[in-house]
Amino acid sequence: MNKKNIWLISQYTSPEKFGYHTKHHFLSIFFNKKYNIKIFSSTSSSYHNFGIQKSKSFHKKKIGNVDYTLLKNSFYKNTKINKILGSIEFSIRLLFHNPLLNKNKPKLIFITVPNSIISVSSILIAKLVRAKTVVEVRDIWPLAQQEYYGISRIHPYYIMYKFLEWFFHKYADMIVSPIPHYKLYLDESKIKYNNYSFIPQFTIVKKNQNIKNQKNSILTGVYSGNLNTFRPILEFIRAVEILNNRNVTCNFIFIGSGDKLLEAKKYVKNKKIENIIFKGALNKEKANLLIQKADFGLSLLYDTKLYNKYGLCSLKNFEYMAYNIPIFSVGSNETCSDLSKFFGAGFCIQTNPKEIAKSLENFLFNFDTNKKMALKSRAFLEEKRSVSFVGNELFRMFDNLNNDA
């Protein structure tokens, strides 16, 4: 029986060798068991770089039995305006990419959107080739504009994202989201949609990972992610400074880049804080090597509706859990996350340095207990948050949509 064609449109997706947003690459390898998968991604961004030097509008690659079509991106710096311009460019190139009209048309287009701008051209293409559409919502963009930037409902950014939100909910055949309480948001906002399903966030649980079990004299915590305005980076650093003055010994490694990186480096240097190290942006392979050697992970967020009402969570939590290490979480509560005290996690919903220091000190004081509880983390991921678990859930959905065609 011939396999049906599915296109996965994901602007930042790449294998680990080239970048950090790798989950949908592994998901596509799983999909290939049943479908012919083609990924549409960008040649480069602040999250990945395929190392393509030529200035062609698109490039084709076959990586890990997955076909990639890489659309040129001219806006790859890690700034808000570049991300918006990059998504607009990606959408335009996607819409006018001639091979989209070839004979190997897809039966279904799976759109996972880092920015909802790309949903417009993606859905238009789907209508053109008569394919079913599944949109994966990974953020609540209108609300994010208000909570992150403090803009009003009449601000152009807010109006734009509300329109985009209305558009893809109205015209997609299926909406899926890893945000636990996204249905609550839809109901409260009175957003109409055709179908909706919660599909949990998944992670890559590699069989050859070495689970950390050695006991170090000095504990090391690692933060992997954006060091931007939306994370209490400086507040956490000041909390470490407080603990250092109390002679609480612990090392901290920060992986990532963002608009707070230079300020954070400057503060650490001026204050001579020797137990904080910045590694900058690393690809997934190098970042995982550092996480593998760490004793615990760090999740740093601000207390917002996005996190503590609807359940948008740090996607790095699962990567820490894959190594059976506990996690210290700032700015999020236990009720809106897969993360819990059952896995040895510590929580501090407040983001002022004194409260962070108090909670972190308690987390470290009880570390042996937390570490023992964290040994359940990997088993949970393998059973409920693996690629195969989520992939099979999506298989059933894709089959139902194709049968309805």
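As a reminder, the structure under discussion sits directly above these lines.
Residues numbered from 1 in each chain as written. Predicted model: local features only at pLDDT ≥ 70, side-chain atom pairs only at ≥ 80, totals over all residues. Heavy atoms only, no water.

### Digging into the pairing of strand β6 (residues 132–137)
In terms of burial, β6 is largely enclosed, as five of its six residues are buried. Direction of pairing for strand β5 (residues 108–113) relative to β6: parallel, over a ladder of six bridges. Across the sheet, the residue bridging to Phe110 is Val134, located in β6. Note: β6 against strand β7 (residues 174–177), three bridges, orientation parallel. Paired with Val135 across the bridge in β7 is Ile175. (Buried < 20%, exposed > 50% of the residue type's maximum accessible area, 1.4 Å probe, protein only. Helix = DSSP H or I, 4+ residues; strand = E, 2+ residues; numbered from the N terminus. Pairing = 2+ DSSP bridges.)

### A look at the sheet that holds β6
Spatially, β3-β4-β2-β1-β5-β6-β7-β8 is the arrangement adopted by the eight strands of the open sheet, whose pairing is mixed. Among the strands making up the open sheet, the edge pair consists of β3 (58–63) and β8 (196–198). Here the strands of the sheet are splayed against their neighbours by 20 degrees on average, with no regard to which way each runs. Strands β1 (4–9), β5 and β6 of the sheet are contacted by helix α3 (residues 118–129), whose axis makes an angle of about 180 degrees with β5. (Axes fitted to C-alpha atoms, helices over the stretch in contact; angles between N-to-C directions. Contact = heavy atoms within 4.5 Å.)

### Topic: the packing of aromatic side chains
For the structure on display, the rule yields 31 aromatic pairs. Both rings, one in Phe236 and one in Phe252, keep their centres 5.4 Å apart while their planes meet at 85 degrees; by these two values the pair is edge-to-face. Of the two residues, Phe236 is situated in helix α7 (residues 233–245) and Phe252 in strand β10 (residues 251–255); the sequence distance between them amounts to 16 residues. The pair formed by Phe236 and Phe252 is uniform in burial state, with each residue classed as buried. An aromatic cluster of at least three residues, connected via ring pairs, comprises Tyr223, Phe236, Phe252, Phe254, Phe278, Phe296, Phe328, Phe363 and Phe367. Over the ring of Tyr171 we find Lys170; its NZ or CZ atom is 5.6 Å from the centre of that ring. In this arrangement the basic side chain of Arg238 is found over the ring face of Tyr267, its NZ or CZ atom lying 5.0 Å from the centre. (Phe/Tyr/Trp six-rings, centres within 6.5 Å; stacked < 30°, edge-to-face > 60°. Lys NZ or Arg CZ within 6 Å of the ring centre and 35° of its normal.)

### With respect to helix α2 (residues 80–95)
The terminal C-alpha atoms of α2 lie 23 Å apart, and with 16 residues this matches the ideal 22 Å at 1.5 Å per residue to within 8%. Buried within α2 are the following residues: Asn82, Ile84, Gly86, Ser87, Glu89, Phe90, Ser91 and Leu94. In this structure, the buried residues of α2 make contact with β1, β2 (35–42), β4 (66–71), α3 and α5 (156–171). (Expected span 1.5 Å × (residues − 1).)

### Let's talk about the packing of α3 against α5
Where α3 meets α5, the closest approach of the two axes is 10 Å, and the angle between their N-to-C directions is 25 degrees. Classified by the angle between their axes, α3 and α5 sit roughly parallel to one another. Helix-helix and strand crossings are classified by hand; for α3 and α5 the assignment is left-handed. Residue-level inspection shows Ser119, Val120, Ile123 and Lys127 of α3 in contact with α5, the latter providing Leu164, Phe167, Phe168 and Tyr171. Here the residues of the contact of α3 with α5 sort into six nonpolar, one polar and one charged. (Parallel < 35°, antiparallel > 145°, perpendicular 65-115°, else oblique. Left-handed = near helix turned anticlockwise from the far one by under 90°. Nonpolar A, V, L, I, M, F, W, Y, C, P; charged D, E, K, R; others polar.)

### Some points on the side chain of Glu235
Relative to the elements of secondary structure, Glu235 occurs in helix α7. Of the buried charged residues, Glu235 lacks a salt bridge, with Lys260 as the closest side chain of opposite charge at 4.1 Å. Not counting residues within four places of it along the chain, the set of residues in contact with Glu235 comprises Lys260, Tyr302, Thr351, Pro353 and Ile356. (Lys, Arg positive; Asp, Glu negative; His and termini not counted. Salt bridge = Lys/Arg side-chain N within 4 Å of Asp/Glu carboxyl O.)

### Thoughts on the environment of His181
With respect to the helices and strands, the residue His181 is situated in the loop between β7 and α6 (182–189). Judged by relative accessible area, His181 falls into the partly exposed class, the value being 31%. Sequence separation between His181 and Cys250 is 69 residues, and the spatial gap between their C-alpha atoms is 35 Å. Excluding its chain neighbours within four sequence positions, the residues that come into contact with His181 are Lys309, Tyr310, Gly311, Thr335 and Cys336.

### Overview of the pattern of salt bridges
For the coordinates displayed, the defined rule picks out twelve salt bridges. Between Asp67 and Lys62 there is a salt bridge; the shortest N-O distance is 3.1 Å. Judged by relative accessible area, Asp67 falls into the partly exposed class, the value being 31%. The residue Glu382 makes a salt bridge to Arg378 at a minimum N-O spacing of 3.4 Å. Of this pair, Glu382 and Arg378 are both found in helix α14 (residues 377–384), four residues apart, which corresponds to roughly one turn of the helix. On the basis of relative accessible area, Glu382 is assigned to the partly exposed category, the value being 43%.

### Observations regarding the environment of Cys348
Take Cys348: it is sitting in strand β14 (residues 346–348). A relative accessible area of 4% places Cys348 in the buried class. Sequence-wise, Cys348 and Val330 are 18 residues apart; in three dimensions their C-alpha atoms are separated by 4.8 Å. In contact with Cys348, not counting residues within four places along its chain, are Phe328, Ser329, Val330, Gly331, Ser332, Glu355, Ile356 and Ser359.

### Digging into the nonpolar core
Phe236, Ile237, Phe252 and Phe254 are the most contacted members of the largest nonpolar core, which totals 55 residues. Broken down by element, the residue count for this core peaks at seven residues, all from α7. When near neighbours in sequence (up to four residues on either side) are disregarded, Ile237 contacts Ala264, Tyr267, Val268, Ile273, Ile276 and Phe278. Of all hydrophobic cores here, the second largest spans 42 residues; its members include Ile84, Val113, Leu306 and Tyr307. (Core = buried A, V, L, I, M, F, W, Y, C linked by side-chain atoms within 4.5 Å.)

### Some thoughts on the pairing of strand β9 (residues 220–224)
Within β9, five of the five residues are buried, which leaves it mostly tucked inside the rest of the structure. Neither face of β9 is open: one carries Thr220, Val222 and Ser224, the other Gly221 and Tyr223, and all of them are buried. Where β9 and β10 come together, five bridges link them in parallel fashion. Residue pairing across strands places Val222 opposite Ile253, the latter belonging to β10.

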